[in-house]
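Residues per chain are reported as follows:
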2 protein chains.
Amino acid sequence: MADLVDSAIEVELGAIFADARRRAGDLDPHYAALWHTLAKQSSGGKRIRPQLVRLAYAGFGGIEEDLATRVAVAFELLHTAFLIHDDVIDRDTVRRGGPNVAARFAARAIRYGTDARTSDIWGETAAVLAGDLALSRAHREIALLPVEATRRARLLDILDRAVFVSAAGELADVVNAGEVEPTSMSRVLATLEQKTAVYSFECPLAAGAVLAGAPDASIAALERFGRFIGVAFQITDDILGVFGDPAVTGKSISSDLREGKRTALIAHAATTAEWPRIAVGLGDPALEDAEAEDMRTALRDCGALDAAMRLADEHVTLALYELEAGNLPEPLASELAAIARRAVERAR
Amino acid sequence: MADLVDSAIEVELGAIFADARRRAGDLDPHYAALWHTLAKQSSGGKRIRPQLVRLAYAGFGGIEEDLATRVAVAFELLHTAFLIHDDVIDRDTVRRGGPNVAARFAARAIRYGTDARTSDIWGETAAVLAGDLALSRAHREIALLPVEATRRARLLDILDRAVFVSAAGELADVVNAGEVEPTSMSRVLATLEQKTAVYSFECPLAAGAVLAGAPDASIAALERFGRFIGVAFQITDDILGVFGDPAVTGKSISSDLREGKRTALIAHAATTAEWPRIAVGLGDPALEDAEAEDMRTALRDCGALDAAMRLADEHVTLALYELEAGNLPEPLASELAAIARRAVERAR
């Protein structure tokens, strides 16, 4: 069942990109190539958000799989848009272990004989536009959903919240990284709730439940569950970003330290005596791997790794509590509980 | 009447920004400031697109001003989003003679004590996000429009076309500027039709007409009129970008030459003996005003200025022909004819 629905999502996404590429090709071959890089960027994701939409929808008795697929696809496109624009903001060129939209399009420019400066401009242009196109398509999926007006309006409100709050989180992330003072743990947690938990967990779950006509109290419980599990998930991701296996995470374990990313690890470390060993290299674009290794040791020594793992566990506990208190139907409650536990197990 | 409706658009835009600022303030003061810069960026525009929506709607007998206002606002927000992301792509800091979103937010970063590199990052982040937020809000205005499903779907298709084709044009603009060979006149015209005419003229007119329930043949005529007049308008804008009065246009008359923007002026010049005098400085970021003055003289001498003006006039003629052939109702036909003529008179 899960596989069937997952393949429905791939089919729908594939159809959207194929149609857009065809239309783009009528305008300009470079534009068709842009859609090709956008499709590439979208593929290879874990499709967490579509799965959450589907789980919540089926969990509350929804049976119109095509409706759920379209809402699921909207959240996956939203995610793609955010990743692409996040890379523009961070000037990143790698995503999921491969070249991102900007890098692919910059390489295309080089093949067309441009100089390095021009190829950078092509890459950034492609990334800004690809994000806009994916974002627009996400809106369109919900706007055209053939359900009654009140239900569609609620789904549009959820989408609006996803965009509105994520933008706040993305901005806060950048502001935090630029501040001289270490970011407090409460600010780190608020930022990652805004930047990730709301659009990746709360909103997809709420959208699936609203689409299925779930009771308001259940939707509210799901939203609280989503925020807690989203925070647990992101703390774990940030741990893996520094201590994980690059072959699994698809990114360098030095890059978060080089960027000076303000994670739970860093917020804890800033309150300990080991802080100077970490602060010295944090946010240094020229940080070498050996120096990063020393920072990792310091993060272990000062208890930051343990503290971050504990914090993730606590958020799982809170999420499970919401599940129980929300009295959600089975098998939805058990499935969500399993997801909650897996969120932190990745870092063991 | 026109003034009443115009003020309705300002009131609606003002309400959207005020509401968003309030919600943003609940999350973070920097985020509220981001919405403030977005509102500032939106103000001071000529509101051409809202006026076209309104004209077409009233011209076909539409009387529900609140519906027309919402569609008009959607196109103005779309325009704001495109301007902001266009500035990200071009690394511009000035818009309409004042600091743009990126510049305002970079200045805020400096006030908060960041270094120059960090303030640039704040500025770019704010601009990427502000564009996403304006774009999302444009979609939301149409998606929530209280009209029957088939009419809303047609409006969503027009919005989709506006986004889809503009992205192609924006990409083509950047690709053209990066190419070593001069861009042909036909490519220049295709690019500015895609980048400007479709979303700024064709789509607002079509949306107003669809909202009012105009006959399909009239909508098609309006769309053709919109594309021709949009091209005439942009050729004229590009003339003013090089030969205009900076006090009126709000931009330096050297910036288009510094950027190497491929306009009708440049495409014509490339076919003449004066080309080396122009090519030498075109796209040189360090171009000095005296060198730009010499390029302007060469553009006059080689007939590029006359040719571009003639081309704009020809597009006005074609637009007026479409108006007549389309047999559009009065006073709409006369009002549109007047707009068409004014489009090119600015450069006399």
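Since the structure is predicted, the reported quantities are computational estimates derived from the model, not experimental observations. (Residues numbered from 1 in each chain as written. Chains lettered and ligands numbered in written order. Predicted model: local features only at pLDDT ≥ 70, side-chain atom pairs only at ≥ 80, totals over all residues. Heavy atoms only, no water.)

Engineer: How should the overall build of chain A be read in this particular structure?
Structural biologist: Scanning chain A for helices and strands turns up 16 helices and 2 strands. Since a compact globule built from 348 residues should have a radius of gyration of about 20 Å, the 21 Å found for chain A is in line with a globular shape. Buried residues in chain A amount to 59% of all 348 residues. Considering only residue pairs separated by 6 or more positions, chain A has 74% of its internal contacts joining residues 24 or more positions apart. Entry remark: accessible area of chain A is about 13600 Å², with carbon and sulfur atoms responsible for 53%. (Helix = DSSP H or I, 4+ residues; strand = E, 2+ residues; numbered from the N terminus. Rg over C-alpha atoms; globule rule 2.2 N^0.38 Å. Buried < 20%, exposed > 50% of the residue type's maximum accessible area, 1.4 Å probe, protein only. Contact = heavy atoms within 4.5 Å. Areas by Shrake-Rupley, 256 points an atom, 1.4 Å probe, with all protein chains shown as cover.)

Engineer: For this particular structure, what's the right way to read the interface of chain A and chain B?
Structural biologist: Where interface size is given, it is often the accessible area lost as the parts come together that is meant. Every contact between the two is made by 49 residues of chain A and, on the other side, 49 residues of chain B. Interface area, chain A with chain B, both sides summed: about 4700 Å², of which 66% is carbon and sulfur. The largest share of the area that chain A buries against chain B comes from Arg140, Phe164 and Leu171 of chain A, three residues that together contribute 14% of it. Along the contact surface separating chain A from chain B lie 8 salt bridges. Inspection of the chain A/chain B interface yields 16 residue pairs in polar contact (both at pLDDT 80 or more). Among the residues making up the side of chain A that touches chain B, the classes are represented as 28 nonpolar, 9 polar and 12 charged. (Buried area = accessible area lost by both parts, 1.4 Å probe. Salt bridge = Lys/Arg side-chain N within 4 Å of Asp/Glu carboxyl O. Polar contact = N/O pair within 3.5 Å; in protein donor to acceptor, adjacent residues only side chain to side chain. Nonpolar A, V, L, I, M, F, W, Y, C, P; charged D, E, K, R; others polar.)

Engineer: Would you mind showing me how to read the pattern of salt bridges here?
Structural biologist: Any two side chains of opposite charge can pair, given that their charged atoms come close. Tallying each qualifying case throughout the model produces 54 salt bridges over all chains. Residue Arg70 of chain A pairs with Glu141 of chain A through a salt bridge whose shortest N-O separation is 3.8 Å. You can see Arg70 of chain A sitting in helix 4 (residues 65-90) and its partner Glu141 of chain A sitting in helix 6 (residues 116-143), a full 71 residues away along the chain. Judged by its relative accessible area of 4%, Glu141 of chain A falls in the buried class. Among the ionic pairs, Arg91 of chain B bridges to Glu124 of chain A, the shortest N-O distance being 2.2 Å. Separated into two different chains, Arg91 of chain B in the loop between helix 4 (65-90) and strand 1 (94-95) and Glu124 of chain A in helix 6 make up a pair that spans both. By relative accessible area, Glu124 of chain A is classed as buried at 10%.

Engineer: Sorry, what's going on with the packing of aromatic side chains here?
Structural biologist: The relation between two aromatic rings is expressed through the spacing of the ring centres and the mutual angle of the planes. The final tally for this structure, using the stated rule, is 14 aromatic pairs over all chains. On the basis of an interplanar angle of 70 degrees and a centroid distance of 5.1 Å, the ring pair of Phe164 of chain A and Tyr31 of chain B is categorised as edge-to-face. Of this pair, Phe164 of chain A sits in helix 7 (residues 149-178) while Tyr31 of chain B sits in helix 2 (residues 29-42), on two different chains. The exposure class of Phe164 of chain A is buried, given its relative accessible area of 5%. Between the aromatic rings of Phe17 of chain B and Trp35 of chain B, the centroid separation amounts to 6.4 Å while the plane-to-plane angle is 55 degrees, which identifies the pairing as tilted. Of this pair, Phe17 of chain B sits in helix 1 (residues 2-27) while Trp35 of chain B is found in helix 2, placing the two residues 18 residues apart along the sequence. Trp35 of chain B carries the same exposure label as Phe17 of chain B, and that label is buried. (Phe/Tyr/Trp six-rings, centres within 6.5 Å; stacked < 30°, edge-to-face > 60°.)

Engineer: Explanation requested: the relation of the copies chain A and chain B in the structure shown.
Structural biologist: Put simply, the second copy of the chain is the first one after a rotation about an axis and a shift along it. The two copies are related by a screw motion: chain A maps onto chain B through a turn of 180 degrees and a shift of 0.0 Å along the axis, at an RMSD of 0.0 Å. Overall, the copies show the geometry of a two-fold rotation axis. Minimal C-alpha distance to the rotation axis in chain A is attained by Ala143 of chain A, lying at 2.5 Å. Interface overlap between copies is the fraction of interface residues in one copy that are interface residues in the other; for chain A against chain B it reaches 100%, indicating a shared surface. (Least-squares fit on C-alpha atoms with pLDDT ≥ 70 in both.)

Engineer: Is there a simple way to think about helix 8 (residues 185-211) of chain B in this case?
Structural biologist: Since there are 3.6 residues in each turn of an α-helix, residues three or four apart along the chain are aligned in direction. Residues and elements named next belong to chain B. Ala197 marks the point of greatest bend in helix 8, at about 60 degrees. Extensive coverage of helix 8 is indicated by the burial of 22 of its 27 residues. In the segment just after helix 8, Gly213 is the residue with positive phi, at about 75 degrees. (Bend = angle between axes of the 7 residues up to and from the residue.)

Engineer: I tried to follow the side chain of Arg262 of chain B on my own but got confused; where do I start?
Structural biologist: Residue and element names in this part refer to chain B. With respect to the secondary-structure elements, Arg262 resides in the loop between helix 11 (255-259) and helix 12 (264-269). Judged by relative accessible area, Arg262 falls into the buried class, the value being 13%. In this structure the side chain of Arg262 is engaged in a polar contact, spanning 3.4 Å, whose partner is the backbone oxygen of Ala177. Setting aside anything within four residues of it in sequence, one finds Arg262 in contact with Asn176, Ala177, Glu179, Glu181, Pro182, Thr183 and Val188.

Engineer: Sorry if this is basic, but what is going on with the packing of helix 3 (residues 48-59) of chain A against helix 4 of chain A here?
Structural biologist: Helix-helix packing: each pair is described by the crossing angle between the helix axes and the interaxial distance. All names here are of chain A. Packing of helix 3 against helix 4 brings their axes to within 8 Å, and their N-to-C directions diverge by 150 degrees. With respect to helix 4, the axis of helix 3 lies roughly antiparallel. Seen along the crossing, helix 3 lies across helix 4 with a hand that is right-handed. Together, Arg49, Pro50, Val53 and Tyr57 of helix 3 and Ala68, Val71, Ala72, Phe75, Glu76 and His79 of helix 4 make up the contact between the two elements. Looking at the contact of helix 3 with helix 4, its residues break down into 7 nonpolar, 1 polar and 2 charged. (Axes fitted to C-alpha atoms, helices over the stretch in contact; angles between N-to-C directions. Parallel < 35°, antiparallel > 145°, perpendicular 65-115°, else oblique. Left-handed = near helix turned anticlockwise from the far one by under 90°.)

Engineer: Any chance you could explain the environment of Asp19 of chain A here in plain terms?
Structural biologist: Note that Asp19 of chain A resides in helix 1 (residues 2-27). As for Asp19 of chain A and Ala304 of chain A, which are separated by 285 residues in sequence, their C-alpha atoms are 48 Å apart.

Engineer: Teacher, can you tell me more about helix 2 (residues 29-42) of chain A here?
Structural biologist: All names here are of chain A. In a regular helix each residue adds 1.5 Å, so 14 residues correspond to 20 Å; helix 2 covers 20 Å between its end C-alpha atoms and thus fits that length. Helix 2 sits mainly inside the fold: 10 of its 14 residues count as buried. Along helix 2, the positions that sit buried rather than exposed are His30, Tyr31, Ala32, Ala33, Leu34, Trp35, Thr37, Leu38, Gln41 and Ser42. At the N-terminal boundary of helix 2, the capping side chain belongs to Asp28, with an oxygen 2.8 Å from the backbone nitrogen of His30. At the C-terminal side of helix 2, Gly44 shows a positive phi close to 85 degrees. (Expected span 1.5 Å × (residues − 1).)

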